[in-house]
Structure formats: structure tokens, C-alpha cells
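Analysis of the macromolecular model
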There are 2 protein chains.
Amino acid sequence: MRISALAAEVGLPVATVKFYLREGLLHAGAASSATQASYDDGHVRRLRLVRALTGPVGLSVQQARAVLQLVDEPGDDLYSTLGRAVGALPPGGAEPGEASDPFPRARAALESLGQVYDPDFAAVAQLERALAAAADAGMPISPERLAHYGRTTAELAAYDLERMPAEPHAAVEYTVLGTALYEPVLLALRRLAHQDAAVRRLGRPG
Amino acid sequence: MRISALAAEVGLPVATVKFYLREGLLHAGAASSATQASYDDGHVRRLRLVRALTGPVGLSVQQARAVLQLVDEPGDDLYSTLGRAVGALPPGGAEPGEASDPFPRARAALESLGQVYDPDFAAVAQLERALAAAADAGMPISPERLAHYGRTTAELAAYDLERMPAEPHAAVEYTVLGTALYEPVLLALRRLAHQDAAVRRLGRPG
DNA sequence: TAATATTGGAGAGTCCCACTATCCAATCAC
DNA sequence: GTGATTGGATAGTGGGACTCTCCAATATTA
């Protein structure tokens, strides 16, 4: 399959495929001569994945590259690879400062939920930022609501973990792509559940 | 309070505050002369809200303006105002095409969950895109997983709805800001719950 | 009152990002 | 052999979010 066929298959301009090649999001095809390379189904799947990550998931090209690299070559320490991979996804929190307690809100929240508090994990910074943003905007999250959210998300996580593959490479792919691709589904479902509940409570319009 | 004090209070350059004024994200101060206006706590709060929306929540200036306008002046039809307001938030799905069944995956999903299917609601398009993206990327969501996510998000929505204020203006603010500000919290909590579950299953590193 | 600083307002400029277009010499395909 | 296509590199484009520069009209300060 030549580049024009590959581009047509995925529905992208050839120039864009070349761009992804240059940016390292797509591995080069098998070169058969100085001006010819052949691409296969792997390239098609990869391109679809790239489009999913840069489109609906909303990653920048840089972020997508970071995620894909970790999926392509996970380190030998599964725990830290998972942490880094998920940390490469947006929204991405700030770096931990020099303060003795860099993430006070997140720490308090996690302790009250009885969960691990590992300040190196990027999602802790995300949580801190999100909690601070809500409070700054005048809608702080009550401890009660936080507890409810924590219980519910723990249930979601337990479900996902039970289905995680045992083999490390597959586990990283499952975790990263599951996080990136399923989060939008969860958010859409929550919004629709709000609508459903609102209809039941407020009655149908018109 | 003059503009420089306002900017200092929120920690922004004066130029940026002027930019938000121009873009309609911040209402003008009370003009006391041709070159003087005074700003109050309302402006401080508003600016913090704008920063929360354009920062952690990730809205563009356009999106933030749309959201804030709906919060500022909700229509008389609460149901449609809520729908439009939440629809103004990202990721924002595509327009419904001319097809007889524009959102096949989303419709099937909602029907299997026993929820309302209203193709005018923007989150339906979001769900369609998210489901399509997952499938395109080679990780389609199984009906079983969808059912689980649906049950869990319904529980979240029920909790939120119970706490929605009765007065329309407050209800719109609660719903829109709750959606925009609490979604990042939920995502961070889910990622942390994954980590917590992973530690329990894989054991601590090192 | 005179000198200095600040303000509101508007326009232009900057920087980054995700593409997109143009070239070119080396093949291919007919 | 001749026109089309390719890989590869370089440059250009359009959008978004600021950021800078001016300016005349005040405020503030000396």
C-alpha cells in the first residue's frame, strides 16, 4: 500500500500523513526504493489511533507522541510506566513545588477516602488543580460530595482493573488507551444521565 | 478598585484583563470619567471564574463566553437552557447530519440503558463520537462495560440532581459550573482510584 | 500649578500549533 | 520514453490567546 492509498483509507490528506511521519506519530513504511515505501494494516490502525487521540481525546501532537511512545515501549517497571503514561494525558497538573505540602487539598481528599497518596503521580496534581479551580470559582466541593464521588470512581476503577490484561505490554496499552478513550464516554454518559434525571424531575418540555 | 488593582488581585497582567473586557468575558467597571472605571468584588470573582474555565476546564475564549452568557441570562425554558449550556462545553460533538439515524451507537447505548434519547441534546453527539473513536482506535466498548458505566454515571447524576437548586437562575449556574468544574475532579479521582487499585493488585514498587 | 503616572480604548504584533502547500530529484506505470 | 507519484525537506497559512504600543484624557503627587 502506497502513501496515497493509506491516506485515502483513513480519509486524510497525504500531506497530513507526511506530517505525522515527520512528527514521529507514525512509523515509516518499508522502503522499497529511494522514492517508494509500502504501508500495511498496522499503519492504518496506528493512524486511526492517532486521529482518535488528537481529535476526540483532545491531545496535542506532543502529548500524543509521549503517550504512543510509552505504549510502544513500556519500561520494565509496570507501576511507574503506568503512572508516567497516564500522567502524559491531559489535563496534566503542575509540577510539585518546593512546599512541604504541595497538594494540600488532594492529600486531604485522598486521606479521607482512604486511598494511596503518592505525590509523584500526576493525577494528584490534577486533582489539586481541579479542587482549587472549583473553590476559586466559588463552587468548592463539599467533603460529602467528594466522598460520594470517591466511592463511585473506586467502583469504576475496580471494574476496569478486573479486566486489565496480565501481560505488561498489553496492560499499558489497555490502561492508557482505556483512560484516554473511555473518559469522554464517561463524561458524555454523565451529562446524558443528568438530562435523563432532569426530564424525570422537571417533566418534558413543550 | 482600578484595573491595575484588579489585575494584581487576581494575578494577571493588566493587558490580559483588558483582553477579557474586549472579548466580553468580563463586564465593564463603573465608569467615573473618560479614563477611569472602578471594579468590585464581582469582577474579582468573575475573573477567577474565567481563569478556571479557560485553564483547568480547558475552554476556549469563545466557549467560555457562550457558557457565561447562558449563566448570566438563562432563558425562560429551563430544560432547553440547561441543554444549550451543557452543549456549549467541550468536547462538543458534531452536528447531526441528514442521515435518518445520525447517532446509531449512541442511540443503541441509551436505549439499552433505558434512558431518554433526544438527538438535539449535544451530549448525544459527544457520546457518538466518543464511542466511534474508541471503536476506530481498536478498543470498542463492550455492551457489558457500557451498562456498568451507565449505571454508575446514573448514580452520580442522581446525587447531583438531588442537590440542584430550585430557582432557575441558580439551577443553570449549578448545572453548568458543576459540569465544567467537577468533571476534572471526577477524572482525576478515577485515575487515582486506578492507581490505588493497581497498587493493591500489583504491590508497591521498589 | 506643574510634572509625572495611570487609565480606557483600540490596533497591531507575537508566539505557538496543526496542519497545508510547494519543490525537487528519483522512480513507477503504461 | 513520458507523464504521474513518491519520499523528503522547506516554507507558508490560519486560528487562538494573549501581549505590546500608542494616545489623549484624567489622577496623583510634588
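Note that the coordinates shown come from a computational prediction; the quantities given were computed from them, not determined experimentally.

About the criteria used
- Residues numbered from 1 in each chain as written.
- Chains lettered and ligands numbered in written order.
- Predicted model: local features only at pLDDT ≥ 70, side-chain atom pairs only at ≥ 80, totals over all residues.
- Heavy atoms only, no water.
- Contact = heavy atoms within 4.5 Å.
- Buried area = accessible area lost by both parts, 1.4 Å probe.
- Salt bridge = Lys/Arg side-chain N within 4 Å of Asp/Glu carboxyl O.
- Polar contact = N/O pair within 3.5 Å; in protein donor to acceptor, adjacent residues only side chain to side chain.
- Nonpolar A, V, L, I, M, F, W, Y, C, P; charged D, E, K, R; others polar.
- Helix = DSSP H or I, 4+ residues; strand = E, 2+ residues; numbered from the N terminus.
- Expected span 1.5 Å × (residues − 1).
- Bend = angle between axes of the 7 residues up to and from the residue.
- Buried < 20%, exposed > 50% of the residue type's maximum accessible area, 1.4 Å probe, protein only.
- Near = heavy atom within 4 Å.

1. Some thoughts on the interface of chain B and chain A
Taken together, the contact between chain B and chain A spans 81 residues of the former and 81 residues of the latter. Of the roughly 8000 Å² buried at the junction of chain B and chain A (both faces included), carbon and sulfur atoms supply 68%. The interface formed by chain B and chain A contains eight salt bridges. Between Arg 191 of chain B and Glu 183 of chain A there is a salt bridge; the shortest N-O distance is 2.8 Å. Remark: the boundary between chain B and chain A carries 27 residue pairs in polar contact (both at pLDDT 80 or more). Grouping the constituent residues of the side of chain B that touches chain A by class yields 50 nonpolar, 12 polar and 19 charged.

2. With respect to helix α9 (residues 168-202) of chain B
It helps to recall that an α-helix has 3.6 residues per turn; residues three or four apart then point in one direction. Residue and element names in this part refer to chain B. With 35 residues, α9 should reach 51 Å at 1.5 Å per residue; the first-to-last C-alpha distance of 49 Å fits that figure. The largest bend along α9 measures about 35° and falls at Tyr 182, with the proline Pro 184 one to four residues further on. Of all 35 residues in α9, 28 are buried, a share of seventy percent or more. Its side-chain oxygen at 3.0 Å from the backbone nitrogen of His 169, Glu 167 defines the N-terminal cap of α9.

3. A word on the protein's contact with DNA strand D
Taken together, the neighbourhood of DNA strand D is formed by 23 residues, with Ile 3, Ser 4 and Lys 18 of chain A together with Ser 33 and Ser 60 of chain B sitting nearest. Considering DNA strand D, the proportion of its atoms within 4 Å of the protein that are sugar or phosphate atoms stands at 69%. In this structure, Lys 18 of chain A approaches DNA strand D through a side-chain N or O atom, which is 3.1 Å from a base nitrogen. Looking at the surface near DNA strand D, the elements that each hand over two or more residues are α1 (3-10), α2 (14-23) and β2 (36-38) of chain A together with α2 (14-23) and α4 (61-72) of chain B. Looking at the surface near DNA strand D element by element, the count peaks at five residues for α2 of chain B. For the surface near DNA strand D, a count of residues per class yields 10 nonpolar, eight polar and five charged.

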